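Inside the fold
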Amino acid sequence: MAKCEFKSLPDAKLQRQRNTSFSFSYDEINISETLSNYAKGKTYYIHTYGCQANYRDEEIISGILTKAGFIKANDENADIIILNTCAVRENAEDKVFGKIGELKAIKAKNKNAIIAICGCMVQQIHIINKILDIYKHVDLIFGTHNITDLPKLLDEIILKRNKIVDVKSQPSLIEENLPSTRLSSFKAFVNISYGCDKFCTYCIVPYTRGKERSRKMEDILNECRELKEAGYQEVTLLGQNVNAYGKDFKDGTTFAKLLEEVAKLNIPRIRFLTSHPWDFKEEMIDVIAKYDNIMKYIHLPVQSGSSEILKLMGRRYTSDQYKQLVTLIRSKIKDVYLSTDIIVGFPNETEEQFQETLEMVKFAQYDSAFTFIYSPRNNTPAAKMVDNVTREEKSSRFKRLVAELEKSVSASSMAMVGKTFKVLVEGASEKDSSMLSGYTEGNKLVHFKGDLSLVGKIVDVKIIVSHTYSLIGELINA
Ligand code: SAH
Ligand code: SF4
Ligand code: F3S
């Protein structure tokens, strides 16, 4: 059996720390002759789970492998197979373990295939141990803070045929000028900050993604300019917490300022994800309202409607403060679409506290929402809380929550019927290939008949039928 070399391992204690420093790097990625010779005629495949940050990482990994000379494969029958994982809930991790198991057959067919696992899951030592114990066909484990080490790690594996684990606890660099193979030719994610310092008590992200750190505004604007010149129709500015952008510079830089500068570049559609309700400044609302190319869609995770639970979650706002923010947003931004994330069954959540969440849903009238059952995450404070809410009760609350949300989500879709909306065409509909699909400015999914030549274009679509989670429309003047 191949020997395993441990270059670094994640340590939850270090991951909790925020006093480490980092620097900016503009160096190019070096590809050795060994790797480029090896890559000739060989393929790679990446399967990504989780949030947009992970998809953006996939594009960088893809860029690095393309630079080395590998060709992208359409399925797992490739020479390098990478699973880019998510740790946010247990069911996300279960899916990945299922997939790692399946890859055993690939390795049996092709002994020289290199199987690698990266992303948030492997920032946890117990996951690394489990992979090494059970899934002997995995060759490489690397973390979220060292994806640019990939060429060096592959060099070693090719030359020595050993296994490697290299997962750093903390980030040390913000790396610019990285190669990137974008997943879409018309919509793009642009990182504005990495990591998260909020430490909500249930959440693993501050451990897996490290200290909150902002990219320099000039670097972000340059990336956006390039995308605009390449004809991109939509740019989504990404951060676990976009309103914290620029605070680490301590020079007065704010997200509102960045958003305004990006808007001035005249990219047709600008989105941003995710806004924490805490510290969502009026200045930001004003910028969103001012520019037509900033989409009137705000994802504003509430998590719970109970101030007591919010306090236990470490969310830094009360139910009333959140409601005031919703009222201000709705009063200042005409026809804004609001979406949210909600967790039910946080440890010891009472029926009354859950009722407050239902009441919040009635108040906020969300246009869309993502709902989750609380999932304990290793090393987080909430995982240590004794929990007296049964599984059955949690799943009953989940169903009742979804039913309540459906009322406002359907009402919002229904109100669109008969009106015309701008839709960015994504491609053929997944369910019915004779239809096209795309998203409105308010991020509602619309299906309509049209020619595939419209993919990547913004078209006018009149809504004729509304379902809860999607709409049927007809193309106007195409
Ligand atoms: N930074 C973003 C997104 C983080 S993860 C934010 O704060 O909104 C996306 C969503 O997953 C969260 O909003 C939360 O609703 C959910 N989530 C995170 N940890 C969870 C856990 N342990 N159990 C269940 N849901 C969780
Ligand atoms: Fe997790 Fe909270 Fe940070 Fe969002 S803000 S990533 S929920 S710790
Ligand atoms: Fe998952 Fe990591 Fe994103 S835990 S939600 S992939 S930051």
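Note: the structure precedes this text.
A brief look at the structure comes next. (Residues numbered from 1 in each chain as written. Chains lettered and ligands numbered in written order. Predicted model: local features only at pLDDT ≥ 70, side-chain atom pairs only at ≥ 80, totals over all residues. Heavy atoms only, no water.)

The subject of this paragraph is the packing of aromatic side chains. By the definition in use, this model includes eight aromatic pairs. On the numbers, 6.2 Å between centres and 90 degrees between planes, the contact of Y245 with F249 is edge-to-face. Sitting over the face of the ring of Y38, K42 holds its NZ or CZ atom 4.1 Å from the ring centroid. The aromatic ring of F363 is capped on one face by K323, whose charged end is 5.5 Å from the ring centroid. (Phe/Tyr/Trp six-rings, centres within 6.5 Å; stacked < 30°, edge-to-face > 60°. Lys NZ or Arg CZ within 6 Å of the ring centre and 35° of its normal.)

By the secondary structure assignment, R316 is in the loop between helix 11 (307-313) and helix 12 (319-332). What makes R316 partly exposed here is its relative accessible area of 39%. Contact partners of R316, with chain neighbours within four places excluded, come to D197, K198, W278 and Q321. Among the polar contacts made by the side chain of R316, one reaches the main-chain carbonyl oxygen of K198 at a distance of 3.4 Å. (Helix = DSSP H or I, 4+ residues; strand = E, 2+ residues; numbered from the N terminus. Buried < 20%, exposed > 50% of the residue type's maximum accessible area, 1.4 Å probe, protein only. Contact = heavy atoms within 4.5 Å. Polar contact = N/O pair within 3.5 Å; in protein donor to acceptor, adjacent residues only side chain to side chain.)

Another point: the layout of surface pockets. To find leftover empty space, a probe the size of one water molecule is rolled over the atoms. Looking at the second largest pocket, its volume works out to about 570 Å³. Along the lines of polarity and charge, the residues of the lining of the second largest pocket split into seven nonpolar, four polar and nine charged. (1 Å grid on protein atoms, 1.4 Å probe; cavity = no way out; pocket = protein on both sides within 12 Å on 5 of 7 lines; lining within 4 Å. Points joined across faces, edges and corners; volume = space filled by probe spheres on them. Nonpolar A, V, L, I, M, F, W, Y, C, P; charged D, E, K, R; others polar.)

As a matter of local geometry, ligand 3 sits amid C51, N54, C86, A87, V88, C120, V205, R209 and Q240. Classifying every residue of the shell around ligand 3 by side-chain character gives six nonpolar, two polar and one charged. (Near = heavy atom within 4 Å.)

Right, let's get into the packing of helix 4 (residues 90-109) against helix 5 (residues 125-134). Put simply, helix 4 and helix 5 touch, their axes get as near as 12 Å, and they point 20 degrees apart. Judged on the interaxial angle alone, helix 5 and helix 4 are roughly parallel. Viewed along their axes, helix 4 and helix 5 form a crossing whose handedness is right-handed. Residues E93, F97 and I100 of helix 4 form the contact with helix 5, whose participating residues are I127, K130 and I131. Split into classes, the residues belonging to the contact of helix 4 with helix 5 amount to four nonpolar, no polar and two charged. (Axes fitted to C-alpha atoms, helices over the stretch in contact; angles between N-to-C directions. Parallel < 35°, antiparallel > 145°, perpendicular 65-115°, else oblique. Left-handed = near helix turned anticlockwise from the far one by under 90°.)

With that settled, consider the sheet that holds strand 22 (residues 471-476). One closed barrel holds the five strands; their spatial order is 18-19-20-22-21, and the pairing between them is mixed. Here the average twist between neighbouring strands, direction ignored, is 50 degrees. Pairing of strand 18 (residues 420-428) with strand 19 (residues 435-440) involves five bridges; the strand directions are antiparallel. Considered in strand 19, the bridge of V423 is made with T440. (Pairing = 2+ DSSP bridges.)

Let us now look at the site of ligand 1. Not every one of the 15 residues close to ligand 1 is listed here, only the nearest: R89, Q240, Q303, D341 and S375. For ligand 1, an oxygen atom lies 2.7 Å from a polar atom in the side chain of Q303. Within the side chain of D341, a nitrogen or oxygen atom sits 2.6 Å from an oxygen atom of ligand 1. Looking at the shell around ligand 1, the elements with two or more residues in it are strand 16 (337-344) and strand 17 (368-373). When the residues that make up the shell around ligand 1 are grouped by side-chain class, the tally is seven nonpolar, four polar and four charged.

Okay, helix 12 next. For helix 12, with 14 residues, the first-to-last C-alpha span of 20 Å sits near the 20 Å given by 1.5 Å per residue. For helix 12, the complete set of buried residues consists of S319, Y322, K323, L325, V326 and I329. Projected down its long axis, helix 12 carries its buried residues within an arc of 160 degrees, all on one side. The outward face of helix 12, more than 90 degrees from its buried face, is lined by the exposed residues D320, Q324 and S331. The secondary structure elements touched by the buried residues of helix 12 are helix 10 (282-290), strand 15 (297-299), helix 11, strand 16 and helix 13 (351-364). (Expected span 1.5 Å × (residues − 1). Arc of directions from axis to C-beta.)

For the structure shown, the criterion picks out 42 salt bridges. A salt bridge links E234 to R269; its shortest N-O distance comes to 3.4 Å. With E234 in strand 13 (residues 234-238) and R269 in strand 14 (residues 269-273), the pair connects residues that are 35 residues apart, well separated along the chain. Pair check on accessibility: E234 and R269 agree, each one buried. Residues participating in the shared-partner salt-bridge network are R56, E59, E176, R182, R215 and E223. (Salt bridge = Lys/Arg side-chain N within 4 Å of Asp/Glu carboxyl O.)

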